[in-house]
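Structural overview
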2 protein chains.
Amino acid sequence: MTKSERTYSISELAREFAITPRALRFYEDKGLLSPRRDGMNRVYLSRDRARLVLILRGKRVGLSLIEIKEILDLYNADENHRLQNHLALKKFKSRVVALEEQRKDIDDAIETLRDAVNRLEKQLEAPAPKAQVASARAYDREARKRLQDA
Amino acid sequence: MTKSERTYSISELAREFAITPRALRFYEDKGLLSPRRDGMNRVYLSRDRARLVLILRGKRVGLSLIEIKEILDLYNADENHRLQNHLALKKFKSRVVALEEQRKDIDDAIETLRDAVNRLEKQLEAPAPKAQVASARAYDREARKRLQDA
DNA sequence: GGTTAGCATGACGTGAACGTCAACGTCAAG
DNA sequence: CTTGACGTTGACGTTCACGTCATGCTAACC
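On a predicted model such as this, the values are computed, not experimentally measured, just so you know.

**With respect to the interface of chain B and chain A**
Opposite the 48 residues of chain B that make contact, chain A presents 47 residues. For the chain B and chain A pair, buried surface summed over both sides reaches about 4900 Å², with 59% attributable to carbon and sulfur atoms. Between the two partners, chain B and chain A, sit eight salt bridges. Residue E121(B) pairs with K93(A) through a salt bridge whose shortest N-O separation is 2.9 Å. At the boundary of chain B with chain A, the tally comes to ten residue pairs in polar contact (both at pLDDT 80 or more).

What follows is the structure in structure tokens.
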């Protein structure tokens with residue numbers, strides 16, 4: 001009794017991940033996916049689904065499809081080729097470094113936006129009584145300068 | 001005595017940030033920068049430089065130029081329009097949420113790659129004596145399955 | 001004064017990642 | 001039996017973010 005794995009049609013899989021069938025065909029065209037066939041029709045197994053998860057996550061972190069393909073290929077490379085693996089190791093490590101730098105960028109962007117949010121909230125909750133207007137505006141200019149010139 | 005601010009020519013600024021003059025003109029065309037002019041020639045002030053820093057960081061975190069422009073515009077919006085500011089506040093907050101999600105994606109990607117790196121290093125440092133080959137390979141298959149099916 | 005370097009403005013080209021449309025096959029429902 | 005719903009393969013269109021000329025001005029150097 002062969003345990004029949006869960007399968008997906010192209011539109012099923014597309015719906016689940018909020019993408020289009022066209023995108024799935026495109027990924028296949030670029031060698032990122034290779035679903036089985038039932039006659040002409042594509043049949044996706046959970047292996048394919050798992051790869052798709054990695055593909056989409058790769059996209060979200062800003063990798064190109066080619067880069068994603070390279071990673072997936074290295075990932076599934078034959079474990080007996082030491083040279084291959086040594087290369088993969090180097091590439092993975094540099095990829096990690098790049099991602100860490102990107103993480104830093106995101107942290108910085110979040111901080112900048114949070115500062116802006118605080119500035120705006122403070123401004124909105126205070127209807128700005130005239131007496132304080134001048135100094136408040138001066139303060140505000142300073143805050144903005146710090147943000148701009150950083 | 002007017003304190004003459006530091007200025008940059010287009011190619012100076014381009015060199016500093018490892019981009020091309022064409023890119024700077026493109027950003028200007030899209031309304032992200034608006035340098036002064038000396039005759040025909042563009043003159044960038046430190047304000048422009050600061051904006052450019054934000055632009056490039058925005059790009060690195062995956063924002064489109066249009067999104068970046070919107071943020072910069074909101075950022076520099078006239079502080080007297082309460083409705084405007086309320087809108088900006090909402091947009092900034094949702095942007096922060098999006099960035100936090102993206103950071104999660106990056107953390108996940110880093111973790112996946114680190115696991116792969118560990119797997120590869122273990123494999124490379126052990127020349128795989130025959131006695132252990134079978135079980136090692138079985139372990140490896142498991143590790144890979146966990147990574148794939150996650 | 002010719003040449004080089006740097007700047008300008010078009011205008012067309014390009015690669016990535018799909019969208020969109022045409023033309024066709026297929027299978028279950030009414 | 002014909003209508004939909006779903007699938008297929010081309011092939012062309014589109015958006016983004018520039019790259020790459022072509023052409024021309026201008027200021028500095030030899």
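**Section: the relation of the copies chain B and chain A**
Each copy of the sequence occupies a distinct position, and chain B is placed on chain A by a rotation of 180 degrees and an axial shift of 0.0 Å, giving an RMSD of 0.1 Å. Each copy turns onto its partner about a two-fold axis. In this assembly, 96% of the residues forming the interface of chain B have copies in chain A that are likewise at the interface, indicating an isologous arrangement.

**Some details on the protein's contact with DNA strand D**
Around DNA strand D sit 17 residues, and of these S11(A), R25(A), R42(A), T20(B) and K59(B) come closest. Interatomic distance of 3.0 Å between a side-chain N/O atom of S9(A) and a phosphate oxygen of DNA strand D. R25(A) has a polar side-chain atom sitting 2.6 Å from a phosphate oxygen of DNA strand D. Mapped onto the surface near DNA strand D, the elements with two or more residues apiece are α1 (10–16) and β2 (41–43) of chain A together with α2 (21–29) and α4 (65–75) of chain B.

Reading guide: rules and limits
- Residues numbered from 1 in each chain as written.
- Chains lettered and ligands numbered in written order.
- Predicted model: local features only at pLDDT ≥ 70, side-chain atom pairs only at ≥ 80, totals over all residues.
- Heavy atoms only, no water.
- Contact = heavy atoms within 4.5 Å.
- Buried area = accessible area lost by both parts, 1.4 Å probe.
- Salt bridge = Lys/Arg side-chain N within 4 Å of Asp/Glu carboxyl O.
- Polar contact = N/O pair within 3.5 Å; in protein donor to acceptor, adjacent residues only side chain to side chain.
- Least-squares fit on C-alpha atoms with pLDDT ≥ 70 in both.
- Near = heavy atom within 4 Å.
- Helix = DSSP H or I, 4+ residues; strand = E, 2+ residues; numbered from the N terminus.

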